[in-house]
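Structural description and commentary
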Amino acid sequence: MQKENLRVLSAETIRVQPEGDIILPEAGEGFVSTPYVQHVTERALAYIAAGYPVHFSGPAGTGKTTLAFHVAAQLGRPVTLIHGDDEFGSSDLVGRDAGYRKSKLIDNFIHSVLKTEEEMKSFWVDNRLTMACQNGDTLIYDEFNRSRPEANNAFLSVLSERILNLPKLRRSGEGYLEVHPDFTAIFTSNPEEYAGVHKTQDALLDRLITINLEHYDRETEIQIVTAKSNIPRTDAATIVDIVRELRSLGVNNHRPTIRACIVVARVLALRGDRAQADNPVFRWVCRDVLTTDTAKVTRDGQSIMLQKVDEIIEKVCGQRPGGGARHPQAAAQKQ
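Just so you know, these numbers come straight off a predicted model, no measurement behind them.

So, the packing of helix α8 (residues 233-246) against helix α11 (residues 305-318)
The contact between α8 and α11 brings their axes to 9 Å, and the two run at 135°. In terms of orientation, α8 and α11 fall into the oblique class. Note on packing geometry: the crossing formed by α8 with α11 is right-handed. Packed against α8, whose contacting residues are Thr238, Asp241, Ile242, Glu245 and Leu246, the element α11 presents Met305, Val309, Ile312, Ile313, Lys315, Val316 and Cys317 at the interface. Classifying every residue of the contact of α8 with α11 by side-chain character gives eight nonpolar, one polar and three charged.

With respect to empty space enclosed by the protein
Enumeration according to the criterion identifies one cavity of 30 Å³ or more in this entry. In this structure, the largest cavity occupies an estimated 30 Å³ of space.

Observations concerning the nonpolar core
In terms of nonpolar packing, the biggest core is built from 51 residues, with Phe56, Val225, Ile239, Phe282 and Leu290 touching the most fellow members. Residues in contact with Leu290, not counting those within four places in the same chain, are Ile242, Val243, Leu246, Pro256, Ala260, Val285 and Val309. Core analysis: the next-biggest nonpolar cluster, separate from the first, contains 25 residues, Ile82, Leu93, Ala132 and Leu156 among them.

Points about the state of the cysteines
Evaluated as defined, the whole model comprises zero disulfides. Unpaired in terms of disulfides, Cys261 finds its nearest cysteine sulfur in Cys286, a separation of 9.5 Å. With no disulfide of its own, Cys317 lies 8.0 Å from the sulfur of Cys286, the closest cysteine sulfur. Residue classification places Cys317 among the buried positions, given a relative accessible area of 2%.

Points about the environment of Asn165
Here Asn165 lies in strand β8 (residues 163-165). Since its relative accessible area comes to 30%, Asn165 is described here as partly exposed. Here the alpha-carbon distance between Asn165 and Tyr176, two residues 11 residues apart in the chain, equals 4.7 Å.

Things to note about helix α10 (residues 280-290)
With respect to burial, α10 is a largely interior element, eight of its 11 residues being buried. When we look at burial in α10, the residues that qualify are Val281, Phe282, Arg283, Val285, Cys286, Arg287, Val289 and Leu290. Sitting at the amino-terminal end of α10 is Asn279, which places a side-chain oxygen 3.0 Å from the backbone nitrogen of Val281.

Definitions and cut-offs
Residues numbered from 1 in each chain as written. Predicted model: local features only at pLDDT ≥ 70, side-chain atom pairs only at ≥ 80, totals over all residues. Heavy atoms only, no water. Axes fitted to C-alpha atoms, helices over the stretch in contact; angles between N-to-C directions. Helix = DSSP H or I, 4+ residues; strand = E, 2+ residues; numbered from the N terminus. Parallel < 35°, antiparallel > 145°, perpendicular 65-115°, else oblique. Left-handed = near helix turned anticlockwise from the far one by under 90°. Contact = heavy atoms within 4.5 Å. Nonpolar A, V, L, I, M, F, W, Y, C, P; charged D, E, K, R; others polar. 1 Å grid on protein atoms, 1.4 Å probe; cavity = no way out; pocket = protein on both sides within 12 Å on 5 of 7 lines; lining within 4 Å. Points joined across faces, edges and corners; volume = space filled by probe spheres on them. Core = buried A, V, L, I, M, F, W, Y, C linked by side-chain atoms within 4.5 Å. Buried < 20%, exposed > 50% of the residue type's maximum accessible area, 1.4 Å probe, protein only. Disulfide = S-S within 2.5 Å. Polar contact = N/O pair within 3.5 Å; in protein donor to acceptor, adjacent residues only side chain to side chain.

Now the structure itself:
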């Protein structure tokens, strides 16, 4: 009679860490460092050195992500980048089970004895928060309030107790991960009244040092536009001043942003044109770019944005020597 010896090995969980998922930040050729940028950077680095994560909050176009990468570069650590997403769950930050493998060995070398061994391994794949906590990376969580608040709960223990909870690994005895001493986090967000964002839980905000950002100062914007387009500084100043005037229209209006300045400047540089009132190319570029990126101002139910753009071009260019004579169409509108 055949004798059977059956042995089943207990299941185990194997952690798998993806490789090559980090960034090494460095300043680009077009990066502009002005006293304003240096001041914000110094404040952020002071908080990080004291052990606190930093949160850059501000409307679009205020340089939140650029500043986050600049600060991270000063820390000299690899960067792990996460973009907020409404579809995120906690597992998208921490990790999840990614299947299992089962093997069975049948040994019948001795015909009267049957030996069977079974082994099952489940695979846990770490996601970016877990990897950053373990390796001591700098985590940049861009637009984090686009993720639902419950998805970000994992950060609560990470930022206060410096422990990451790994609930799916508890059966293997590895339920918690001690956060690396060099780990830090930099968050960015738009204000909560923006579309597509969620109200952040107070418990998370209480663990962050929030630096509220507005648009760059005039000198910084001029230097950015000049660096990004290679147009003359005088033309960059004209474009920036027009955009800053347009921001004063409407209520709580943050547009046009520095991106609109760069668009206008790059088109002028490409065509070899100047930012002057009598330049028709400059006129139609400003109309196309700035009227669609500005708060709508109406009169008797009709938009007057084209008129406002023309008026501001006349005002700004008229204040500069060689700013160009009044454009005939604009002159006709003024009469």
